[in-house]
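Descriptive structure summary
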Amino acid sequence: MKKVKWLYALFFALTFTLISEATGAFVVDKNLGWYASLTTPVFTLPPVLHSAIWCVVYVAEAYVISGLLVENRFRPFVQFYVSVKFLAALWTTAFFGLHCPLAGLVILTVILAINWLFGKNLLKVRRHPLKKYLFLICALWYEYLWILNYSIIVLN
């Protein structure tokens, strides 16, 4: 029964993540020319590597959320997770769709704050240190994106 619960939890987490992130993918695809015209910092990752890291982050988030669902510890984290996913789609729309890196930076700042609150609560969960390390990787990725977004504003 626990394996079935894991599968349902993983399905929920992956589906929610992919739906919320895919909403912005259409906006990005239509605005790649605009992004290519921007001056980007030297630490900007190649598109293939950037996409690969995003995939790893999605899987890590899905694993962490699935584990919390299975352990019935998800309730305190629902607001944080849903907020981060919603704001990530909003960031994509603001940055790429509206061509407004400043609005994107404000949204990423809120995402970082929510992520660290989520992480602070996750640290209180005593079991499964792997989830904590995976979440740390996800949080560091959002910090990299914040620095990248800020650098793009400064350079342009």
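A brief look at the structure comes next. (Residues numbered from 1 in each chain as written. Predicted model: local features only at pLDDT ≥ 70, side-chain atom pairs only at ≥ 80, totals over all residues. Heavy atoms only, no water.)

**Looking at the nonpolar core**
Counting residues in hydrophobic clusters, the biggest one holds 37 residues, and the most contacted among them are Trp54, Phe95, Ile111, Phe118, Tyr142 and Leu145. Where this core is concerned, the elements lending two or more residues are helix 1 (2–30), helix 3 (47–70), helix 4 (78–97), helix 5 (101–123) and helix 6 (129–155). (Core = buried A, V, L, I, M, F, W, Y, C linked by side-chain atoms within 4.5 Å. Buried < 20%, exposed > 50% of the residue type's maximum accessible area, 1.4 Å probe, protein only. Helix = DSSP H or I, 4+ residues; strand = E, 2+ residues; numbered from the N terminus.)

**Thoughts on the environment of Val84**
Here Val84 is to be found in helix 4. Val84 sits in the buried class, given a relative accessible area of 4%. Sequence-wise, Val84 and Val64 are 20 residues apart; in three dimensions their C-alpha atoms are separated by 14 Å. Contact partners of Val84, with chain neighbours within four places excluded, come to Ile111, Ile114, Asn115 and Tyr142. (Contact = heavy atoms within 4.5 Å.)

**Quick notes on the packing of helix 3 against helix 6**
Taken N-terminus to C-terminus, the directions of helix 3 and helix 6 make an angle of 140°; their axes are 9 Å apart at the nearest point. Put simply, helix 3 runs oblique to helix 6. For the pair helix 3 and helix 6, the sense of crossing is left-handed. Of the residues in helix 6, those touching helix 3 at His50, Ile53, Trp54, Val57, Ala60, Glu61, Tyr63, Val64, Gly67 and Leu68 are Leu130, Lys131, Leu134, Phe135, Cys138, Trp141, Tyr142, Tyr144 and Leu145. (Axes fitted to C-alpha atoms, helices over the stretch in contact; angles between N-to-C directions. Parallel < 35°, antiparallel > 145°, perpendicular 65-115°, else oblique. Left-handed = near helix turned anticlockwise from the far one by under 90°.)

**As for a nonpolar patch on the surface**
On the surface, Trp116, Tyr133, Leu136 and Leu140 cluster together to form a nonpolar patch covering roughly 410 Å² of accessible area. Here the nonpolar patch gets three residues from one element, more than from any other, and that element is helix 6. With respect to the helices, strands and loops of the structure, Leu136 is situated in helix 6. Relative accessible area serves as the criterion here: at 36%, Leu136 is assigned to the partly exposed category. (Patch = residues over 30% accessible without salt bridge, like charges linked within 9 Å, V, L, I, M, F, W, Y side chains within 5 Å. Areas by Shrake-Rupley, 256 points an atom, 1.4 Å probe, with all protein chains shown as cover. Salt bridge = Lys/Arg side-chain N within 4 Å of Asp/Glu carboxyl O.)

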